[in-house]
Every structure is written in C-alpha cells, then in structure tokens.
Amino acid sequence: MNKEEKLELVGLYGGAMQIMLPTQRFHDISQFRHVPNHQEVYADGETDQSIIIELNTYEDNIKNNEIAQYYFNDLSQCNQAISSQINQIIPLNSQELSIYHPQLKNSQHPAYITTLQGMQKIAKYRDNTQAANDIFICMTIIRLDFCQTDLLITFNVPLTFNQQSSTASCVSNINNTQEIIQKYSKILSTFQINTLQL
C-alpha cells in the first residue's frame, strides 16, 4: 500500500450514494454471490481485504455515544470472533457531515457521526479457531435520525495470515495499522450521499 492507488468512482444503491475505491483490486462481490439488499460489498481476493457499506434500521434504544461499541460488538458476533478489542472511538464534529451531503449540517436533518478502530481474531469459513487471522477494522457510523437509518462504512484488513488458515495463500500489502487508517480515511473522504430519500 505504499504505492499510491488509483481510485475510481463507484455508484452505490442505484446511485443514491457514491464512493471512490481502488477498483483494480476491489471487486463487487454481488457479481459472484448473493449480497443482502442493504449491503454493498467490495473485496480483494489477493489480500482478503474488504470494504462494506450497509444501511441498517436506526437503533432508537442505543445512545449516540454507545453506537460504535454496539455495532463493533454486533460485527464480532456475526464474525464469530474469538476475541475482539476496540482501540479507539472518535466522535467527529457534526460539521464534517456536510462533506457527505450539504444538508446534513441543517437542524432539519439531524445526524451524528463517529469512527472506530479495533481488532478481531476471526477464523474464516470452516477453519477451526486455531487457524484464526488478526483483522484490523476501521468503521464509521453515520446516524441519520430523520430517515431512521444507521449507515456503516467498514474496512476489514488482515494484519497476519495464520498458516493453517484457508486464506494462508493471501498476501498482506500492509506495513502497519497507521497505513490502514490513512488508506481508509482517503476512501472515506470520497463518500457522498446523493439523495436523502433513503
């Protein structure tokens, strides 16, 4: 990842949103298998990295300052993670929401944004727990109260590949977690919401 990657525009949810991704590596998984309608999944088979955008029903019973922990724990359960740890949660300034759509700083469209970095130890597919890989996770949650939607953008990056893992043949192109964060931040800065009628 030291080499600068070319990012290309990718439409999401029929053009309702867009993001720029290194499409020479990341491919639309819906072209190969079923992906739920609320998700957009792009993955790189050589590095086993993935970027997932998903629209979830707004969790009314979860406070804003608890939402990052909630979705990280939910992901951990879905991944059947052997262990998980949050490294950092950073609530972002609400003014930054205008990057994604100019009306999101308007009080008529209340929204909240926070980002998280953490680790999960995950065994792929049918691997046993002794074959688990260490996955670094960057996650951003954009809470759109006015349309009852929690929008998640998650970057999953294996740091190491267990030699017993079914993904042992994959190659890591990451030097350190800071490099992952920088890459994720660059991709996230290109994300845009084109319509608030979600």
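This text goes with the structure placed above it.
No experiment lies behind these values; they were computed from the predicted model shown.

Analysis parameters
Every chain is numbered on its own, with residues counted from 1 as its sequence reads. Per-residue local features of the predicted model are confined to residues with pLDDT of at least 70, and side-chain atom pairs are confined, for both listing and counting, to 80 or more; whole-chain, interface and lining totals are unaffected and use all residues. Hydrogen atoms and water are omitted, and side-chain values are computed over all heavy atoms in the structure. Strands are runs of DSSP state E lasting at least two residues, helices are runs of H or I lasting at least four, and both sets are numbered from the N terminus onward. Here the expected length of a helix is defined as 1.5 Å per residue gap, with one fewer gap than residues. Only protein chains enter the area calculation, which uses a 1.4 Å probe; residues under 20% of their type maximum are buried, those over 50% are exposed, and those in between are partly exposed. Residues are treated as being in contact if the distance between any of their heavy atoms lies within 4.5 Å. Only centres within 6.5 Å qualify two rings of Phe, Tyr or Trp (six-membered ring in Trp) as a pair; their planes then separate them into stacked at under 30 degrees, edge-to-face at over 60, and tilted for everything else. Each salt bridge in this description consists of a side-chain nitrogen of Lys or Arg and a carboxyl oxygen of Asp or Glu lying within 4 Å of one another.

(A) Examining helix H1 (residues 67-78) more closely. For H1, which comprises twelve residues, the first-to-last C-alpha distance of 16 Å matches the rise-based estimate of 16 Å (1.5 Å per residue) to within 8%. Residues Ile67, Ala68, Tyr71, Phe72, Leu75 and Ser76 constitute the buried set of H1. The inward-facing, buried residues of H1 contact strand S5 (49-57), strand S6 (83-91), strand S7 (111-122), strand S8 (133-144) and strand S9 (149-160).

(B) Representation of the packing of aromatic side chains in the model. This model, assessed by the stated rule, comprises four aromatic pairs. Measuring from centroid to centroid gives 6.3 Å for Phe26 and Phe155, while their planes differ by 55°, and the two rings are tilted. Taken together, the positions of Phe26 in the loop between strand S2 (17-21) and strand S3 (27-28) and Phe155 in strand S9 put the pair 129 residues apart, joining distant regions of the chain. The burial state of Phe26 is the same as that of Phe155; both residues are buried.

(C) Examining the pattern of salt bridges more closely. This structure, assessed with the given rule, holds six salt bridges. Between Asp134 and Lys121 there is a salt bridge, with its nearest N and O atoms 2.7 Å apart. With Asp134 in strand S8 and Lys121 in strand S7, this pair connects stretches of sequence that are 13 residues apart. Given the relative accessible area of 28%, Lys121 is considered partly exposed. As a salt-bridge pair, Asp150 and Arg143 come within 2.9 Å of each other at their nearest N and O atoms. Both residues of the pair, Asp150 and Arg143, count as buried. By sharing partners, the salt bridges in this structure join Glu5, Arg25, Asp44 and Lys183 into a single network.

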